[in-house]
Amino acid sequence: MKVTVPYIKGDGVGPEVTAATVSILDAAVRKAYGSSNALEWLEVPAGQQAYEQLGSYMPDTTVEAFRRYGLGLKGPLTTPVGGGIRSLNVYLRQTLDLYVCLRPVRWFKGVETPVKRPQDVDMVVFRENTEDIYSGIEWEAGSPEARKFFEFLRDSMGVDKVRFPETSAFGVKPVSREGTERLVRAACRYALDHGRRTVTLVHKGNIMKFTEGGFKNWGYELARREFGPQLESGELVVNDVICDAFLQNALLRPRDYSVVATLNLNGDYISDQLAAQVGGVGIAPGANINFDSGLAIFEATHGTAPDIAGKNIVNPCSNLLSGVMMLEHIGWDEAAALVYAALESTFARGMATADLARLMPGGTSLGTREFANQISEAL
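Because the structure is predicted, anything quoted here is derived from the model rather than measured.

A. Structural view of the pattern of salt bridges. Under the counting rule described, the total for this entry stands at 21 salt bridges. Of the charged contacts, one joins Arg-67 and Glu-64 as a salt bridge, the two residues approaching to 2.5 Å between their closest N and O atoms. Here Arg-67 pairs with Glu-64, and both are found in helix H3 (residues 60–69), just 3 residues apart, close to one helical turn. A relative accessible area of 40% places Arg-67 in the partly exposed class. Taken together, the shared-partner salt bridges in this structure form one network comprising Arg-177, Glu-181, Glu-221 and Arg-225.

Next comes the structure, spelled out in structure tokens:
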């Protein structure tokens, strides 16, 4: 079986982490399946280089390639400064309706972390990917649009709680029943399919009654309507927690949580804190998935880091582990398991890129290419 994978190298450190990822994934597939399975890599343009060569940061042909093949791998991209697309990542997610940002968080033995028991952190975050702050509805303070919006609030909606209207910026966060239901449905199905009993709805509904509170209420209603038998039997448990309480609990008793379903902004905070608890975003993978169509793009969760680009020191594990998620997505679990085992054995020997090795007792610092070669050998 051969699977075509459109991929974006990315900007800054993107080409380095992508090259390492491709080489390791190819080696894992060969080790697991011999010549019967293979990944066929199809490079597609995006980012700064695409703009310089084609006049577009995200050419239509790139978006269509992801649609055609149903999956892809993406290195980090620079967000254009000034006008145009607010964020290339957000543009892709919304254009392809990749409504779940999936962030599994786990610890690898040998990786130093700031917490006492990183092994207790084993969660999968379902972050809503198309609504909330990702809608980008806001107006700059002092602009005619901000003034007009304030006058609408005051004159038509009877709002009298804006303290300093002349210097206030305004933002609107839409949260819909449909967007909530499809996210929570995907989280519940994932929990049942992967033997994870608990789904926790994380929200700030005590303050934002109708947006975040709506998320909580609609999530519970969906669970009762579509997963009633599983709830009744105890196969599935759905509960909720206020976001600030979750952030504390995730440090104090992380084993209480398994699958987390939350809104966009909450998910941003949550996934980065959890990543820090297991060693940082350098080993935090991510995917953007439409669980209805199956379309999925897997990506590094860090930025382009232009200050270290080309120096052969960047940690490729975020992009690599996202690629491993891609292997699992297409059902190649044997190859995925090989990469996990190779990473564990390498970290256990104190071998890593500089960002991780400097924290390991007696750690050995490897360059990006050398680390990739070490993982391939450890397969």
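B. A look at empty space enclosed by the protein. Counting across every chain of the model gives 1 cavity of 30 Å³ or more. Put simply, the largest cavity is a space of about 40 Å³. Around the largest cavity, the lining residues are Glu-128, Glu-131, Asp-132, Pro-174, Val-175, Thr-180, Phe-215, Leu-263 and Asn-264.

C. Quick look at the layout of surface pockets. Within this model, the largest pocket holds a volume of roughly 640 Å³. In terms of lining, the largest pocket is formed by 25 residues, of which the most central are Leu-102, Tyr-190, His-194, Met-325 and Glu-328. Of all elements in the fold, only strand E4 (100–105), strand E5 (123–128), helix H6 (177–193), strand E11 (285–289), helix H11 (317–329) and helix H12 (333–348) reach the threshold of two or more residues within the lining of the largest pocket. For the lining of the largest pocket, the per-class residue count stands at 16 nonpolar, 2 polar and 7 charged.

D. How the structure looks around the side chain of Thr-304. Checked against the element boundaries, Thr-304 lands in the loop between strand E12 (296–300) and H11. Owing to a relative accessible area of 14%, Thr-304 belongs among the buried residues under this scheme.

E. Expanded view of the nonpolar core. Leu-39, Phe-126, Val-199, Leu-343 and Phe-347 are the most contacted members of the largest nonpolar core, which totals 71 residues. Not counting residues up to four positions away in its chain, the partners in contact with Leu-343 are Phe-108, Cys-317, Leu-320, Leu-321, Phe-371 and Ile-375. Grouped together as the second largest cluster of nonpolar side chains are 15 residues, Tyr-57, Met-58, Phe-66 and Leu-98 included.

F. Representation of the packing of H3 against helix H4 (residues 88–95). Where H3 meets H4, the closest approach of the two axes is 11 Å, and the angle between their N-to-C directions is 45 degrees. In terms of orientation, H3 lies oblique with respect to H4. Along this stretch, H3 crosses H4, giving a crossing that reads as right-handed. For the pair H3 and H4, contact is made by Val-63, Phe-66 and Arg-67 and by Tyr-91, Leu-92 and Thr-95, respectively. In terms of residue class, the contact of H3 with H4 is made up of 4 nonpolar, 1 polar and 1 charged.

G. Examining H4 more closely. Listed in full, the buried residues belonging to H4 are Leu-88, Asn-89, Val-90, Leu-92 and Arg-93. For H4, the capping residue at the N-terminal end is Ser-87, with a side-chain oxygen 3.3 Å from the backbone nitrogen of Asn-89.

H. The arrangement of the side chain of Ser-176 in detail. With respect to the helices and strands, Ser-176 occurs in the loop between strand E7 (170–172) and H6. Of note is the side chain of Ser-176, whose polar atom sits 2.5 Å from the side chain of Glu-131. Separated by 2.8 Å, the side chain of Ser-176 and the backbone nitrogen of Gly-179 make a polar contact. Beyond its immediate chain neighbours, meaning those up to four positions away, Ser-176 contacts Glu-131 and Trp-218.

I. Region of the structure containing the pairing of E12. Counting buried positions along E12 gives 5 out of 5 residues, so the element sits mostly inside the fold. Bridge count for E11 against E12 is 5 bridges, and the pairing is antiparallel. Directly across from Ala-287, in E12, lies its bridge partner Phe-298. Adjacent in sequence and paired antiparallel, E11 and E12 are bridged by 6 residues, among which Gly-294 carries a positive phi angle near 90 degrees.

J. Geometry of the environment of Pro-174. The topology assignment puts Pro-174 in the loop between E7 and H6. It is 9.3 Å that separates the C-alpha atoms of Pro-174 and Tyr-134, two residues lying 40 residues apart in sequence. If near-sequence neighbours (up to four positions away) are discounted, Pro-174 is found in contact with Glu-131, Asp-132, Ser-135 and Ile-137.

K. Just the sheet that holds strand E2 (residues 38–43), in detail. The sheet built from 10 strands is open, its strands ordered E2-E1-E3-E12-E11-E4-E5-E10-E8-E9 with mixed pairing. Edge positions in the sheet fall to E2 and strand E9 (237–242), since each of these pairs with one other strand and no more. Across the sheet, the axes of successive neighbouring strands diverge by a mean angle of 25 degrees, strand direction being ignored. With 3 bridges connecting them, E4 and E11 associate as antiparallel partners. Across the sheet, the residue bridging to Leu-102 is Ala-287, located in E11.

Reading the values: the criteria
- Residues numbered from 1 in each chain as written.
- Predicted model: local features only at pLDDT ≥ 70, side-chain atom pairs only at ≥ 80, totals over all residues.
- Heavy atoms only, no water.
- Salt bridge = Lys/Arg side-chain N within 4 Å of Asp/Glu carboxyl O.
- Helix = DSSP H or I, 4+ residues; strand = E, 2+ residues; numbered from the N terminus.
- Buried < 20%, exposed > 50% of the residue type's maximum accessible area, 1.4 Å probe, protein only.
- 1 Å grid on protein atoms, 1.4 Å probe; cavity = no way out; pocket = protein on both sides within 12 Å on 5 of 7 lines; lining within 4 Å.
- Points joined across faces, edges and corners; volume = space filled by probe spheres on them.
- Nonpolar A, V, L, I, M, F, W, Y, C, P; charged D, E, K, R; others polar.
- Core = buried A, V, L, I, M, F, W, Y, C linked by side-chain atoms within 4.5 Å.
- Contact = heavy atoms within 4.5 Å.
- Axes fitted to C-alpha atoms, helices over the stretch in contact; angles between N-to-C directions.
- Parallel < 35°, antiparallel > 145°, perpendicular 65-115°, else oblique.
- Left-handed = near helix turned anticlockwise from the far one by under 90°.
- Polar contact = N/O pair within 3.5 Å; in protein donor to acceptor, adjacent residues only side chain to side chain.
- Pairing = 2+ DSSP bridges.

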